[in-house]
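So the chains spell out like this:
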Amino acid sequence: MKRLFLLGGLALTMLLGACRETKGGGEQPIETFSSQKAPAQQTAKTVEQNTKTHQAAKEQPAVSITALDLLKQRVGRGVSETLLQRKAYTTSYNRQTRTPNWVAWTLTKDHTYGRLQRENERFEEDTDVSTPRATYQDYYNSRYDRGHMCPAGDNKWDQTALTESFLMTNICPQNHGLNKEDWNDLEMQCRTWARRFGEVTIVCGPLFEDAEGSEPRTIGRNKVRVPTGFFKVVYRPEPEPHAVGFIFRNNGSSQPWRSCVTTVDEVERRSGINFFLMLPDEVEQRVEAEQGLGNW
C-alpha cells in the first residue's frame, strides 16, 4: 500500500486554507507557517498526487494516516492555534500558553535508524511566532526540563529535522524525572513499534487541568504555562488499524508507560481534541474505544 508522507509547506497552506479558529467570539483564518518552500507548479502537482493517493488509500482495508491527516483534528473552539509545518512534524502552537496544543508526526521504520547526534544542537526561539514567545532563558532555574514533544531521537535521519526538533514551539515545561525516564521510555517503545509495523503516526501534547479557581503555574519572563500532564496517541495502519492512548502526570512520581495506557476516547475527553476525523466512522469509533495493549 502506498505510504502517505508530509507535503511541502506551501502545499500544506493550500490544504489548510479552509481551516478557521475562533478568537474572542469571531472567526479568523488560522495562521500557517512552513520551513519548506515549493514552486507553485510543483505544489499543485503535489496536491493532485496527494489527493489521488488518499483516494487509493480508501480502497485499502488498512488506512494509513500521517501528521498531515492529523491536521484534520481540531482543538476546542476559542483555543489559540497557529499551525507550523516542519520537515518531520507539525505543531499546533498556542500563543496564550507559549506551548503546543499538539505535535503530530509519522515515524517510519527507516527513520528510526538515523545516525545523527544531538550533542551540537541547541534549543532556539521560533521566530515564526510573534512575541511574547518561549525562550531558552524562560526555563532557567525553573526546575523544569525543556521537554520535547516530537523527540530528537525520531529525527536523527535528517539534519534539518533534527535541528527543528529543538525549536521552542516543540517544547513544554516537563518534570525532569518524567522527561528522562517514563516519557523517554514511551518514546523508545514508539520506535520499536515503528520497526515492527513499518510506521506509526503519533500525536502528543500538554494537558492543562488546573484545579478550578487556582492560578495556572507559569515560568520565565514570558510566562510559559506549565502543563499538569501530557497525552500521547499512537496509531498504526498495518496489518489492520489500531490505536492506543497514554496520559502522564507532570510530576516526578514513577509512571511506567504501561500503567499510563488509556483509550483515545479518554484522551479526547481530557485534551478537548478530536482525533482521526479522516478515518471511516466505524474504524474511528473502534480504534478510539480500544483498551489495553493487546493489539501491540
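All values derive from a computational prediction rather than experimental measurement. (Residues numbered from 1 in each chain as written. Predicted model: local features only at pLDDT ≥ 70, side-chain atom pairs only at ≥ 80, totals over all residues. Heavy atoms only, no water.)

Caption draft 1: Structural context of the pairing of strand 13 (residues 242-249). Taken across its 8 residues, strand 13 has 7 buried, putting it largely inside the fold. As paired strands, strand 12 (residues 229-236) and strand 13 are joined by 8 bridges and run antiparallel to one another. Bridge pairing in strand 13 places R236 opposite H242. The turn linking strand 12 back onto strand 13 is made up of 5 residues. In terms of strand pairing, strand 13 meets strand 14 (residues 261-262) through 2 bridges, oriented antiparallel. Residue pairing for strand 14: F246 is matched across the bridge by V261. (Buried < 20%, exposed > 50% of the residue type's maximum accessible area, 1.4 Å probe, protein only. Helix = DSSP H or I, 4+ residues; strand = E, 2+ residues; numbered from the N terminus. Pairing = 2+ DSSP bridges.)

Caption draft 2: Summary view of helix 5 (residues 176-197). Spanning 22 residues, helix 5 covers 31 Å between terminal C-alpha atoms, matching the ideal 32 Å at 1.5 Å per step. Along helix 5, the sharpest change in direction is near 40° and occurs at N184. For helix 5, the complete set of buried residues consists of L178, N179, D182, W183, L186, E187, Q189, C190, R191, W193, A194 and F197. Measuring from the side-chain oxygen of the N-cap residue of helix 5 to the backbone nitrogen of G177 gives 2.9 Å; that N-cap residue is N175. Two residues or fewer after helix 5 comes G198, characterised by a positive phi angle close to 95°. (Expected span 1.5 Å × (residues − 1). Bend = angle between axes of the 7 residues up to and from the residue. Polar contact = N/O pair within 3.5 Å; in protein donor to acceptor, adjacent residues only side chain to side chain.)

Caption draft 3: Looking closely at unusual backbone geometry. Of the consecutive residues T131 and P132, the connecting peptide bond is found in the cis state with omega at 0°. As for its position among the elements, P132 is in the loop between strand 6 (99-108) and strand 7 (144-148). Looking along the chain, the bond that leaves E238 and enters P239 is cis, with omega of -5°. Secondary-structure assignment places P239 in the loop between strand 12 and strand 13. Backbone geometry at K223 places phi at a positive 55°, although glycine is not the residue there. Relative to the helices and strands, K223 is located in the loop between strand 10 (218-219) and strand 11 (224-225). Residue K223 is classed as exposed on the basis of its relative accessible area, which comes to 53%. Residue F276 is not a glycine yet carries a positive backbone phi of 60°. Topologically, F276 is positioned in the loop between helix 6 (264-271) and helix 7 (281-289).

Caption draft 4: Local environment of the pattern of salt bridges. Scanning all chains against the criterion turns up 9 salt bridges. Residue E209 is joined to R270 by a salt bridge in which the shortest nitrogen-to-oxygen separation is 2.9 Å. Of this pair, E209 sits in the loop between strand 9 (199-207) and strand 10 while R270 sits in helix 6, and the two are 61 residues apart along the sequence. Relative accessible area serves as the criterion here: at 32%, R270 is assigned to the partly exposed category. Where R225 meets D210, a salt bridge forms, and the shortest distance between an N and an O atom there is 2.6 Å. Remark: D210 occurs in the loop between strand 9 and strand 10 and R225 occurs in strand 11; sequence separation between them is 15 residues. (Salt bridge = Lys/Arg side-chain N within 4 Å of Asp/Glu carboxyl O.)

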